[in-house]
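# Fold and geometry: a report
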Amino acid sequence: MQVSRRDFLRLTASGGAGTAIGGLVGLGVTLAPATARAQELRIKDAKTTPSICPFCSVGCATLIHTVNGKIVNIEGDPRSPHNEGTLCPKGAAIYQLHMNPNRATKVLHRKPGAGDWEVVELEWAMDRVAELIKKTRDETFIEKLPNGKLVNMTPAMFALGGATLDNEFNHTCQKFWRGLGVVAIENQARI
Amino acid sequence: MGSNMAECHPVAFRWPMKAKLNGAKLIHVDPRFTRTSAVADLHVPIRAGSDIAFLGGLINYVVNSKRWNSDPFFKEFAVNYTNAATIIGDDFKDTEDLDGVFSGIVKFTEPAFWPYNGLEGRYDNASWAYKRGPKPLGPATKDLIAKRAGPPFDDLVRSLKPGPAEKDPTLQNPHCVFQILKRHFSRYTPEMVEQVCGSPKEKFIRVAEMLLENSGRDRTSAFAYAVAWTQHTYGVQMISCCALLQLLLGNIGRPGAGVMALRGHAAIQGSTDVPTLYHSIHGYMNAPSALRPHETLRDYMAAETSPTSYYGNTPKFLVSYLKSMYGAAATAENDFGYDWHPKILGDHSHIATFAAMADGKVKGMCCVGQNPATSLNGGATRLAMRQLDWLVVKDNWLTETATHWYLGPEVKNGEVKIADIKTEIFFFPSTQIAEYDGSFTNTQRMLQWHSKAADAPGDCRTDTWFYHNLAKRMKKLYAGSKLSRDQGWNNLTWEFDFDPGVKPIYPGEPDALKILREINGYQTTDAKQHLKGFGELKDDGSTTCASWIYCGCYPAPDQNMTARREPDPPGVPGAHLKWGWAWPANRRVMYNRASADLKGNPWRPS
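A brief report on the enclosed structure follows.

Criteria and cut-off values
- Residues numbered from 1 in each chain as written.
- Chains lettered and ligands numbered in written order.
- Predicted model: local features only at pLDDT ≥ 70, side-chain atom pairs only at ≥ 80, totals over all residues.
- Heavy atoms only, no water.
- Helix = DSSP H or I, 4+ residues; strand = E, 2+ residues; numbered from the N terminus.
- Buried < 20%, exposed > 50% of the residue type's maximum accessible area, 1.4 Å probe, protein only.
- Contact = heavy atoms within 4.5 Å.
- Areas by Shrake-Rupley, 256 points an atom, 1.4 Å probe, with all protein chains shown as cover.
- Axes fitted to C-alpha atoms, helices over the stretch in contact; angles between N-to-C directions.
- Parallel < 35°, antiparallel > 145°, perpendicular 65-115°, else oblique.
- Left-handed = near helix turned anticlockwise from the far one by under 90°.
- Nonpolar A, V, L, I, M, F, W, Y, C, P; charged D, E, K, R; others polar.
- Pairing = 2+ DSSP bridges.

## Let's talk about the overall build of chain A
Secondary structure assignment for chain A yields six helices and eight strands. Along chain A, from the amino end to the carboxyl end, the secondary structure elements read α-α-α-β-β-β-α-β-β-α-β-β-α-β. Out of the 191 residues in chain A, the part that is buried amounts to 50%. The long-range share in chain A, meaning contacts at least 24 apart out of those at least 6 apart in sequence, stands at 32%. Just so you have it, chain A exposes about 8,400 Å², and 55% of that area is on carbon and sulfur atoms.

## As for the packing of helix α4 (residues 51–63) of chain B against helix α13 (residues 235–248) of chain B
All names here are of chain B. One way to put it is that α4 packs onto α13 with a least axis distance of 9 Å and a crossing angle of 15°. As judged from the angle between their axes, α4 and α13 are roughly parallel. Here α4 and α13 pass one another in a crossing that is left-handed. Two secondary-structure elements touch here, α4 through Asp 51, Ile 52, Leu 55, Gly 56, Leu 58, Ile 59, Val 62 and Val 63 and α13 through Gln 237, Met 238, Cys 241, Cys 242, Leu 244, Leu 245 and Leu 248. In terms of residue class, the contact of α4 with α13 is built from twelve nonpolar, two polar and one charged.

## Topic: the sheet that holds strand β12 (residues 522–523) of chain B
Residues and elements named next belong to chain B. The sheet built from three strands is open, its strands ordered β13-β12-β14 with antiparallel pairing. Only two strands of the sheet have a single partner each, and these edge strands are β13 (526–530) and β14 (543–544). Bridge count for β12 against β14 is two bridges, and the pairing is antiparallel. Paired with Gln 523 across the two strands is Thr 543, which belongs to β14.

## Some remarks on the sheet that holds strand β2 (residues 61–67) of chain A
Sheets are built from strands paired through backbone hydrogen bonds, the pairs being either parallel or antiparallel. All names here are of chain A. The strand order across the open sheet formed by three strands is β1-β2-β3, and the pairing between neighbours is antiparallel. Of all the strands in the sheet, just β1 (47–52) and β3 (70–76) have a single pairing partner and so form its edges. Within the sheet, the average angular offset between the axes of one strand and its neighbour, ignoring direction, is 30°. Sheet topology places β2 next to β3; six bridges connect them, and they run antiparallel. The residue of β3 that forms the bridge with Leu 63 is Glu 75.

Put into structure tokens, the structure is as follows:
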């Protein structure tokens, strides 16, 4: 079969969600019987928990299947008016975000000038960060500007956040920093 | 325009594809021929960044077209639902009169206390104001501020009300908004568009004709854009220009119309609404600033209240927000703790802050779920980070930001020695989406709840856990301080622990629903009495509400509207009002009064 670049783009965009499988479907290959059987086995006896895809802003609803507290499958929620059970290739791989041997699970600390990380206790690291925040705040706090304006702030700390974090995170983050007088609070939403 | 929707928002792109099967026309204006172009009815190439010329050309074509001038719908919409008929004051001068700038451009002077405001070009827009009749009689704003009048702040808001704006419903007055707009865009001819944008004239005219054919009483057209607009320094102007075109075409506030932002991330709308952005506090109120007349609570209200719109309720939004910050310590006597709230010095945005960091003015940084070492001039970002005293990275993976001090290109090629980097660095592992509770706000302003399904491994903790547990530590470290600078922190409320007897999902994890409750708001005397909508907000401290726009998402302890998953039955072209919750007030189409004529009848009888 001869397929030009433009033809391939046309087929993949119309045959689903722009995936290679979409391309195969567009070219007349059907995978339906095999996938239906696999789905049925994977979620047998599983508990279902509603969730949302953490990638783009469309907000596709997902269902998380767990067996004995272990994630076995994540798929689109067929009830969702946004995605009607479908997911794009990234969304279909949410499972791999969780069940992944490369995931970081330990707290690491690097001393000034040191050449390596050290694995440290979570509670110790939290205490140390709190200490550093207090030190920096106390050393740099500005109550009034030279012109007499009351500002009660410090420009010397920066809180930068991503945009796949919950509203509840954003609220606690901005409340924490504004409460301390820190104003440089930014997010992926800026850029 | 400015988006490759088929590949970047593939699941949402199913809907324009379905509309196409129903006869909708799909146009893709983009420098590249992508998968989106491949299935569009028309792909129009455009020189990257020249979108304003293209949109301006469409505006010029539309207002001079036969259809726009013969179908009464367009003028009816423009006269009644836009400010096209409003007369502008005589002092306004357009770019044609002033060699490329509008009247009121302000010469930039850098404030010595924060020399990073260089990008803040500014107009004094006094000369752009409407021509108005006499102001209503009453006490002057400055006297009310001096008298410390209110709460309630009704008198203050009333004193801001201007006289009625003059209008010309025939749109003929040369100083009316419509005529100014028509003159301004008259130079944007199809030939000029072709020259500036590189888009063939014939294709440009086809776009204009298709838009006109598919807009009106019976049909609507929508624009969708993404970061290929927003990542220009003049992205705001592109989007405003598009909104102008859509208003002229009657495509605002109606189902299937509008200017749609295809935002990039799951909660990027949420992080703009619940602002982890320096320039705004909850619900799009401007952050108190040392550069604006924000000295006192009343100064802020006088400067920031827009008295002729719903923002006339700004005192209610602001006082309820301050109550969410400082709780019982925020009283009418101390202006609800306004003085404790920090003021910005100017530009503290991403780039300005990294510039200040490179100069040694930023000592510490907490980076959660973000990887600046690889974005926006990574070299300069890493150079800035090497000047830090301390850096915290919290993420699911060891990102380039976490590893810049030993894997950064400057370190690998020997330019920088590891031992010379004096930064103390922490890495905290994070949970993934299925491992905690919370809400995202999607690109449609819809809040959707997700629930915990599994435990996270090792020391992985939620990002709210991090700030919750830091806050508790900071509370201990400042306990008992009598310094005036510490009073704001010591009075900040922080009550997100699970109720006694309820086991948190991780040791020390905060209750996400209590955080949502503070965002939604409650009666100050009883946190179990949630607010049902922003109409309930008061300016006397009796209501506590962080975000007035989110008010109503959690109207009762047993009603988390964001967790609803009840779609409309099949076959109904429904708005799915019981699926999640969209701000404001679960409205799915903003400014939807414009979806019906003056008598309230839908433009298109069903």
